[in-house]
Structures are given as structure tokens and as C-alpha cells.
Amino acid sequence: MNKQTFLLLASLMMLVMLSFKTQAQQKVGLLFDAGGQPIHGYIDPISYSPTVSISKDLGNYMPSIFYYKDGASKKRLMKFEDAKLVMKNETGSEVVLSEDTFSGAKVGLDSFFVAQNIHFRGRTRERPTFVQFIAKLDSTTFAKIYNNNYDKSILHQTYIAKKSGEERWEEINPQKESIDAMIKKCFVDYDNVIAASESIEHKKVNFYTNMIGRYEINYKENEGNIGALINLALVTNRHFYKKKEYYDQYFRKTKTAESFKYYSLITALNDRSYTEEYYSLDDQKVYSIEWSTKKNGEKQGPSSFFIDGELVMKMLYDRDKMKSGKVYHEGQLLYKYDLREDRMNNTTECYFNFMDDDRLAEWKDYMDVLDNTKKRIRNENLLVKEVYTKHKGKEYSNITDPKNPLKVAKLNKLFDKYIDDSFLSDKPILRPILVQVWTDKMGIIREYKILNKTNTDFDKKVNSFVKEQLLNGGKKGKLKMSYADSKPMKKPTTFVLPFKLNINGQYWFFSNQNDLMRHQMWMHQHNMQMMHLNSIHPPR
């Protein structure tokens, strides 16, 4: 091997190593974000959800793709509104998709396709109609049809199903006498689902009388019962057959083999929850999460987070709210924390236990082994009041009060103006990109560092925005960070700014949410809760 060949191979190996390192999850040390929330040492998209962020708001539009009947496709911003798929074209005008021209669309993470011969609400609709894809289970496809009443004041939502080879879609409606037969037909191999369905209250309802009064009840019965039954069957099927689901480097679910970076398996199932474990392709565990079997997309019980196969964090959830956690490094417990709601101020406060003899002392020195920095912490009965961090020889204050976060209204306006809506038409941003900043004592940002990745183009855009609009006071050199109470910063300060795409909650969501991996299903515009199911049993 000559010298040139050796140097070339060495360079290639270095590039491969750097590529791996840039994609690996990072240790960042104990940080606090713009909302005064702690980030517990590691970038963890499962447990972290910002209360204060810099957001691009598209209203009800979402990055989407639609398909023509000839197979061609285009990426645009779209929304589903009044039971219609609406596209924003290149001129900014709204265009309603026609079933005669288009075969379907993917709006965010939810898919719509054209179906016909749909029997629901006492009649059969033969004309082609856009319906929402819900799931494919064995030989049965589940979907949901939406339709307005005569004056568009009420939107009805009905689950429908069809087995392979059948020509007509049938409704699965808890208010119809056919509900028992449909459940046995659709879930014939799932005794646990059939058992759970026995709690459904059957009512024969005239849809054309007292329609307004029945709407919310109809919604709750359909979503709480039928939607949850479908999810229970899917979970049971995945567990029984050990089916994997795959994710890309940003932990977005994908079926494209070239994008596979992680996979998940359901490893345990009981009457309250199921455990889903996530691995890298070389079988190193990344997450272990316990999800509720009674409400889809809801974390219930213990969850764990791993880096390079090593446990770094444990978290405990109750009805999707984190209650407590433990942070580890090299197998050693660093500290514990508890979250307590302050309902009067509508905030959540974090209480720390650093596991040392002086944990109740007013001031303590804490050597953060995760970022190798020394921190001075003032606490009152385990509630952190002040944190000072050393950076390049200078001490910086942290934002630690969730009742007085960073003032971001002006920053949001700048960011919204900086990014054109059309830029996001093909970029589903599912989690925030985190940017740590350091300000001087006047509140002017003097330094920043991007901590994670979300989408290559979006990441570059955020980087450009911070550099052009925020760094050193922005274009005019006068932009200063201040607190929500309008008081200026009087000390050099460091905090994490989350940048994200704001996705508004929609009644039709099946799998969209700003959450990283699991997207809360069956959201409703009035935030109604799904009804609980009976205990589950293994499939036949």
C-alpha cells in the first residue's frame, strides 16, 4: 500500500467516524431552557417538551404530499377542513382536491385515500369520497369517513371497515345494532379485543333527530371505543408476531429501507400497559417506554433512556405526565428529580435531590460530569432557585423560574417572517431543534451552539436565523433578551432556545403530534378523552 492510498483510506475512516459521532445522541449537561425547564443532562426527545419556544406557525396547514390518479405526486402545504382536503398552491390560493383527479394525500403523518360504496348512517354512498386511513390489520382495512350536516355546523365522524375482496365498506358504530357483529368480524382472532368491547354501551340512535345534542356523545363513543379497540388489536398483533417498526435518524417512522436507523418491538403486554423497546440497527437499546393500553399514545409507568447501550435516565409517567426521574452516568446515579404542578401559576416546578450530604444547603457546588463544568446552585428545600455555570472562564446565570420565562413574542415574529411557508411544504418537522445561547449582561446573544438535529434544511435555516437575526443584537445590533415580566437581563445568561414547527391540534388527527416517536392519536378540537377499555388477554 503506497502512502497516498494509506492517507486516502485513513481519511475515509475518519469521515465515517465523524459521521457516526454527529448522528449519535449527545450528553449536554444540566441545562435550562427559555421556559425555565431543566434539560437533564441528555438530549431526550421523549421526555422533553418545551413550554416556551420560537415557532413557525402554519395555522392548520401541514407539510403534505398529494397523488394524482396517474401516479404522479407533488409536495405542498395542505389541510383537512370541513371534510375536504385543501391545498395551498404556489400563488398562495386554496384549492380543494377533487376525488375525480386525485387518488389520495398524506397530510403530515396522516393518509387519506379515495373509497366508494360506503354504508354508514343508514345509507350507502356510492360516489368516490376521501376517507382517512386508520390501519390495516390482517385482511381488514380500517378508515374513517367525515361528513357535514346540511348547514356545516356539525361534522360527523364514523369508523368504517372492509375485508379484502369485499366491495362495500361497513360502519363500526357503537350506536348501531350491528356493532357486535362487526366487532366479531373485524377482530375474530383477538379475544382480548372482543372482551374489551363488551363494555361498549349499545344504543339505537336516530341520527336525524336531536343531532346537535348527540354530536359530542357520538364522538366520544366512536373515538373512545372503536378507535381504542383498533389500537389494542394492532398492539396485540405486533406483540404476538414480534413485528418491528422502523425509524429514520430523526426518529420518524419510515418504511423506506434506506432510511432505517432504529427499530422498535413490543416486548410486554398487560392489562394496563405495554412495553415498547427501541434499538439501533446494531441492536443497542435506545429507549424502553411503557404505553397505556387504554389510551393510545399515552405514556403510563416507567420509561428508560439509553446511550450506547448504557442506562442514562429513568422516568415515571402517570397518564402521560412525567412525575419523577433519575439521571445516571457510567452506571452511577447522579441525581433524582420530582415534578410538581403549581396550578395557581399553571406551571410545573422541578425539585432536585443531588444525593449528597449537603443537599438541603442553600448553596452548593456541583461538578457536572456530563459536560465537565462546575455549577453553583442555590435551592430552597430542593427547589432550584439559581444556577450559575462556568463557560470559557466566565460565569453565566441560567433561567430557572418557569413563572418568569424568556419573552419571545418579538423573536417569534422575526422567525415567522424569516421562513416562508412554502419552504416547509416538504419538511415535516416533528421535534424541536435546540440552540444553546450565551448572552452578555445586557441580554445580547454573543455566542450559540446547536445541540441536536431535526431536518437538514430546517437546521440550516435555524442556524442562519440565529446568526443573522439574533447574534450580536441582530441586524441593528440592538436586540436584547428579556424576561416575560419585561425586566431586562442584568447578568451574563445562558439558556436553550427551542425552534420548532407549530402544528395545531386538529379533530381529525390520527397520528400527528409534535412528540418525537409516538404521535397522540384521535385528538379532538375540544380535547376530549378516550374511554377506558377492559383488561386484555393474549390473542388466540
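Fair warning: this is a prediction, and the values are worked out from it, not measured in the lab.

### Here we look at the overall build of the protein
- Looking only at helices and strands, the protein has six helices and 31 strands in total.
- Each of the 540 residues in the protein was classed as buried or not, and the buried ones make up 52%.
- For the protein, contacts bridging at least 24 residues in sequence account for 53% of all contacts bridging at least 6.

### Concerning the pattern of salt bridges
- This structure, assessed with the given rule, holds 27 salt bridges.
- A salt bridge links Lys79 to Glu81; the shortest N-O distance between them is 3.2 Å.
- With relative accessibility at 8%, the residue Lys79 sits in the buried group.
- Glu81 sits in the partly exposed class, given a relative accessible area of 29%.
- Among the ionic pairs, Lys299 bridges to Asp320, the shortest N-O distance being 3.6 Å. Here the residue Lys299 occupies a position in the loop between strand S19 (285-292) and strand S20 (301-307), and Asp320 occupies one in the loop between strand S21 (310-318) and strand S22 (321-329), the gap between them amounting to 21 residues.
- On the basis of relative accessible area, Lys299 is assigned to the buried category, the value being 7%.
- Judged by its relative accessible area of 28%, Asp320 falls in the partly exposed class.

### Digging into the environment of Tyr262
- Mapped onto the fold, Tyr262 is located in strand S17 (residues 262-269).
- Between the C-alpha atom of Tyr262 and that of Gln249, which follows or precedes it by 13 residues, the distance is 7.4 Å.

### Quick notes on the sheet that holds strand S8 (residues 102-107)
- Strand order in the open sheet formed by twelve strands is S7-S6-S5-S4-S8-S9-S12-S13-S14-S15-S10-S11, and the pairing between neighbours is mixed. Each end of this open sheet is capped by a strand with a single partner; those strands are strand S7 (94-96) and strand S11 (123-125). Taking each pair of neighbouring strands and ignoring which way they run, the sheet shows an average axis angle of 40 degrees.
- Note that strand S14 (residues 155-163) and strand S15 (residues 169-172) share three bridges and pair antiparallel. Paired with Ala161 across the strands is Glu170, a residue of S15.
- Sheet contacts for helix H2 (residues 179-186): strand S13 (140-148), S14 and S15; angle to S15, the most-contacted strand, approximately 115 degrees.

### Details of the pairing of strand S30 (residues 445-450)
- With five bridges connecting them, strand S29 (residues 433-439) and S30 associate as antiparallel partners. The residue bridging Val437 from the neighbouring strand is Tyr448, located in S30.
- Where S29 folds back onto S30 in an antiparallel hairpin, the turn is made up of five residues, including Gly443, whose phi is positive at roughly 90 degrees.

### Considering H2
- By the burial criterion, the buried members of H2 are Ile179, Met182, Ile183 and Cys186. Down the axis of H2, the buried side of the element spans an arc of 100 degrees, and every buried residue falls inside it. Seen from the open side of H2, the exposed residues pointing more than 90 degrees away from its buried face are Ala181 and Lys184.

### Examining the nonpolar core
- Ranked by size, the top nonpolar core spans 49 residues in total, and within it Leu85, Leu97, Leu406, Leu470, Phe495, Leu497 and Phe499 carry the most contacts.
- Excluding anything up to four places from it in sequence, Leu85 contacts Met78, Lys79, Phe80, Val95, Val96, Leu97, Ala105, Val107, Phe112 and Phe130.

### Looking at the packing of helix H5 (residues 409-418) against helix H6 (residues 456-470)
- Relative to each other, H5 and H6 sit at 125 degrees, their axes nearing to 11 Å. The angle between H5 and H6 places the two elements in the oblique class. In this structure, the crossing between H5 and H6 has a hand that is right-handed. Of the residues in H6, those touching H5 at Leu411, Leu414, Phe415 and Tyr418 are Phe458, Lys461, Val462, Ser464, Phe465, Glu468, Gln469 and Leu470.
- Broken down by class, the residue content of the contact of H5 with H6 amounts to eight nonpolar, two polar and two charged.

### Some details on the packing of aromatic side chains
- Scanning all chains against the criterion turns up 31 aromatic pairs.
- Pairing Phe251 with Tyr278 gives two aromatic rings, centres 6.3 Å apart and planes at 75 degrees, and the pair type is edge-to-face. Linking Phe251 in the loop between strand S16 (245-247) and S17 with Tyr278 in strand S18 (residues 273-280), this pair joins segments that are 27 residues apart in sequence. Assigned by exposure class, Phe251 and Tyr278 land together as buried.
- When the centroid spacing of 5.5 Å and the interplanar angle of 45 degrees are considered together, the rings of Tyr335 and Phe352 count as tilted. With Tyr335 in strand S23 (residues 332-342) and Phe352 in strand S24 (residues 347-353), this residue pair connects regions lying 17 residues apart in the sequence.

### Quick word on the environment of Thr275
- Within the secondary structure, Thr275 sits in strand S18.
- A residue is classified by how much of its surface remains accessible, and Thr275, at 15% relative accessible area, is buried.
- As a C-alpha pair, Thr275 and Ser292 span 17 residues in sequence and 8.9 Å in three-dimensional space.
- Apart from residues lying up to four places away in sequence, Thr275 is in contact with Leu265, Ile266, Thr267, Ala268, Ser288, Ile289 and Glu290.

### A few points about unusual backbone geometry
- Non-glycine residue Lys242 carries a positive phi angle of around 55 degrees.
- By secondary structure assignment, the location of Lys242 is in the loop between helix H4 (211-241) and S16.
- Judged by relative accessible area, which is 63%, Lys242 ranks as exposed.
- We note that Asn372 has phi near 55 degrees; this positive angle belongs to a residue other than glycine.
- With respect to the element layout, Asn372 can be found in the loop between strand S25 (363-368) and strand S26 (373-380).

### Things to note about the side chain of Glu349
- By the element assignment, Glu349 lies in strand S24.
- The exposure class assigned to Glu349 is buried, which follows from its relative accessible area of 12%.
- A polar contact is formed between the side chain of Glu349 and the side chain of Lys403, at a distance of 2.9 Å.
- When neighbours within four sequence positions are excluded, Glu349 is seen to be in contact with Asp338, Leu339, Arg340, Asp342, Leu383, Pro402 and Lys403.

What counts and how
- Residues numbered from 1 in each chain as written.
- Predicted model: local features only at pLDDT ≥ 70, side-chain atom pairs only at ≥ 80, totals over all residues.
- Heavy atoms only, no water.
- Helix = DSSP H or I, 4+ residues; strand = E, 2+ residues; numbered from the N terminus.
- Buried < 20%, exposed > 50% of the residue type's maximum accessible area, 1.4 Å probe, protein only.
- Contact = heavy atoms within 4.5 Å.
- Salt bridge = Lys/Arg side-chain N within 4 Å of Asp/Glu carboxyl O.
- Pairing = 2+ DSSP bridges.
- Axes fitted to C-alpha atoms, helices over the stretch in contact; angles between N-to-C directions.
- Arc of directions from axis to C-beta.
- Core = buried A, V, L, I, M, F, W, Y, C linked by side-chain atoms within 4.5 Å.
- Parallel < 35°, antiparallel > 145°, perpendicular 65-115°, else oblique.
- Left-handed = near helix turned anticlockwise from the far one by under 90°.
- Nonpolar A, V, L, I, M, F, W, Y, C, P; charged D, E, K, R; others polar.
- Phe/Tyr/Trp six-rings, centres within 6.5 Å; stacked < 30°, edge-to-face > 60°.
- Polar contact = N/O pair within 3.5 Å; in protein donor to acceptor, adjacent residues only side chain to side chain.

So, to be careful, I would describe these as geometric facts and stop short of saying anything about function.
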